[in-house]
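A closer look at the structure
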Amino acid sequence: MLTWSKLFETNIESVDRQHRYLVDLINDLSTEVIAQLQYDNYDKIMSILTELKKYTIEHFRQEEQLMKDNMAKMDDETLAEFWPFFKDHKAQHADFIKKIEEIFDKDVDESQDDVSAELIGFLAEWLKNHIFKVDMQLRKYIK
Ligand SMILES: [Fe+2]
């Protein structure tokens with residue numbers, strides 16, 4: 001389980017609100033993955049995963065748009081410094097979406113028990129790391 005704390009906050013209101021919801025979704029998934037040991041909740045798991053995918057794509061789109069809007073206001077020096085960060089940040093987003101899509105490719109039709117606690121652990125770990133190491137740097141640049 002991911003517990004939200006002040007440490008997750010970038011102080012960019014929209015980003016923090018969306019991160020909170022993503023944390024909620026991953027925690028819901030984790031609850032359901034544990035529950036699947038007792039009863040069949042595959043449809044529930046897939047519906048949360050679908051929401052997670054949809055919301056993540058939209059969240060990344062908005063975060064990238066926010067960066068682009070701010071780039072337009074940067075002086076050349078800041079922009080030169082920001083550009084590699086932006087490129088790498090976008091690449092990380094794309095990787096994560098790919099990872100979520102792989103889950104669907106593998107699980108949608110068969111082998112229900114493949115949605116494992118390990119996978120949810122990976123999603124949670126990824127999000128936590130990304131917020132701490134990457135999104136947190138936005139504070140410096142987004143005014
Ligand atoms: Fe991000």
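The paragraphs below set out a description of the structure included in this document. (Residues numbered from 1 in each chain as written. Predicted model: local features only at pLDDT ≥ 70, side-chain atom pairs only at ≥ 80, totals over all residues. Heavy atoms only, no water.)

**Looking at the coordination of the iron ion**
What counts, and what does not: Donor atoms are limited to N, O and S found within 2.8 Å of the metal ion, a distance that becomes 3.2 Å for Na, K and Ca. With water left out, some sites might look partial. The secondary structure listing takes helices from DSSP runs of H or I that are at least 4 residues long and strands from runs of E that are at least 2 residues long, numbered from the N terminus. Between buried and exposed lies partly exposed: a residue is buried under 20% and exposed over 50% of the maximum accessible area for its type, with that area taken using a 1.4 Å probe on protein chains only.
Within the protein, the atoms that donate to the iron ion are Glu63 (OE), His89 (NE2), His93 (NE2), His130 (NE2) and Asp135 (OD), at distances of 2.0 to 2.3 Å. Considered as a linear motif, the donors of the iron ion on their single chain read E-x25-H-x3-H-x36-H-x4-D. Remark: aspartate 135 occurs in the loop between helix H4 (117–134) and helix H5 (138–141) and histidine 93 occurs in helix H3 (residues 76–107); sequence separation between them is 42 residues. By relative accessible area, histidine 93 is classed as buried at 1%. In this structure aspartate 135 comes out as buried when scored by relative accessible area, which is 0%.

**Considering H4**
Convention followed: Helices are assigned an expected span. That span is 1.5 Å times one less than the residue count. Here the arc refers to the set of directions running from the helix axis out to each C-beta atom.
Counted at 1.5 Å a residue, the expected span for H4 with its 18 residues is 26 Å, and the 25 Å between its end C-alpha atoms agrees. Inspection of H4 places Leu119, Ile120, Leu123, Ala124, Trp126, Leu127, His130, Ile131 and Val134 among the buried residues, and these make up the whole buried set. Along the axis of H4, the buried positions cluster into a sector of 160°, meaning they face one direction only. Structural note: H4 exposes Ala117, Glu118 and Lys133 on the side pointing more than 90 degrees away from its buried face.

**With respect to a negative patch on the surface**
What counts is decided by this rule: Grouping into patches uses exposed residues only, defined as over 30% relative accessible area, and leaves out salt-bridged ones; the cut-off is 9 Å for like charges and 5 Å for nonpolar side chains (Val, Leu, Ile, Met, Phe, Trp, Tyr). Note on areas: Shrake-Rupley with a 1.4 Å probe; residue coverage comes only from the protein chains shown. The salt bridge criterion pairs a side-chain nitrogen of Lys or Arg with a carboxyl oxygen of Asp or Glu, the two atoms within 4 Å. Charge counting follows a simple rule: Lys and Arg are positive, Asp and Glu are negative, and His as well as the terminal groups are ignored. For this purpose, a charge sits on NZ of Lys, CZ of Arg, CG of Asp or CD of Glu.
Together, Asp75, Asp76, Glu77 and Glu81 make up a region of like negative charge exposed at the surface. Considering the arrangement of structural elements, one finds glutamate 81 in helix H3.

**Considerations on the packing of helix H1 (residues 13–35) against H4**
In helix packing, the relevant descriptors are the interaxial angle and the interaxial distance, both defined with respect to the helix axes. Which entries qualify depends on this criterion: Axis definition: a line fit to C-alpha positions, over the contact stretch in the case of helices; interaxial angles, taken between N-to-C directions, run 0 to 180 degrees. Relative orientations are named as follows: roughly parallel for angles under 35 degrees, roughly antiparallel for angles over 145 degrees, roughly perpendicular for angles from 65 to 115 degrees, and oblique for any other angle. When the near helix sits turned anticlockwise from the far one by under a right angle, the crossing is termed left-handed; a clockwise turn instead gives a right-handed crossing. Throughout, a contact is declared for two residues whenever any of their heavy atoms are within 4.5 Å. Each residue gets one label: Ala, Val, Leu, Ile, Met, Phe, Trp, Tyr, Cys and Pro are nonpolar, Asp, Glu, Lys and Arg are charged, and the others, such as Gly, are polar.
At a minimum axis separation of 9 Å, H1 and H4 run at an interaxial angle of 165°. Taken as axis vectors, H1 and H4 run roughly antiparallel relative to one another. You can see that H1 and H4 cross each other, and the crossing is left-handed. The residues of H4 that touch H1, namely those facing His19, Leu22, Val23, Ile26, Leu29, Ser30 and Val33, are Ala117, Ile120, Leu123, Ala124, Leu127 and Ile131. For the contact of H1 with H4, the residue count by class is 11 nonpolar, 2 polar and no charged.

**Some points on the packing of aromatic side chains**
The test is simple: Whether two aromatic rings pair depends on their centres lying within 6.5 Å, for rings of Phe, Tyr and Trp, where Trp uses its six-membered ring; planes under 30 degrees apart make the pair stacked, over 60 edge-to-face, and the rest tilted. Should the NZ of a Lys or the CZ of an Arg lie within 6 Å of a ring centre and within 35 degrees of the ring normal, that charge is described as sitting over the ring.
Enumeration over the complete set of coordinates arrives at 11 aromatic pairs. When the centroid spacing of 4.8 Å and the interplanar angle of 65° are considered together, the rings of phenylalanine 82 and tyrosine 141 count as edge-to-face. Of this pair, phenylalanine 82 sits in helix H3 while tyrosine 141 sits in helix H5, placing them 59 residues apart in sequence. In this structure tyrosine 141 comes out as buried when scored by relative accessible area, which is 9%. The residue whose ring lies beneath lysine 53 is phenylalanine 104, and the NZ or CZ to ring-centre distance is 4.9 Å. Its guanidinium or amino end placed over the ring of phenylalanine 122, lysine 99 lies 5.0 Å from that ring's centre, counting from NZ or CZ.

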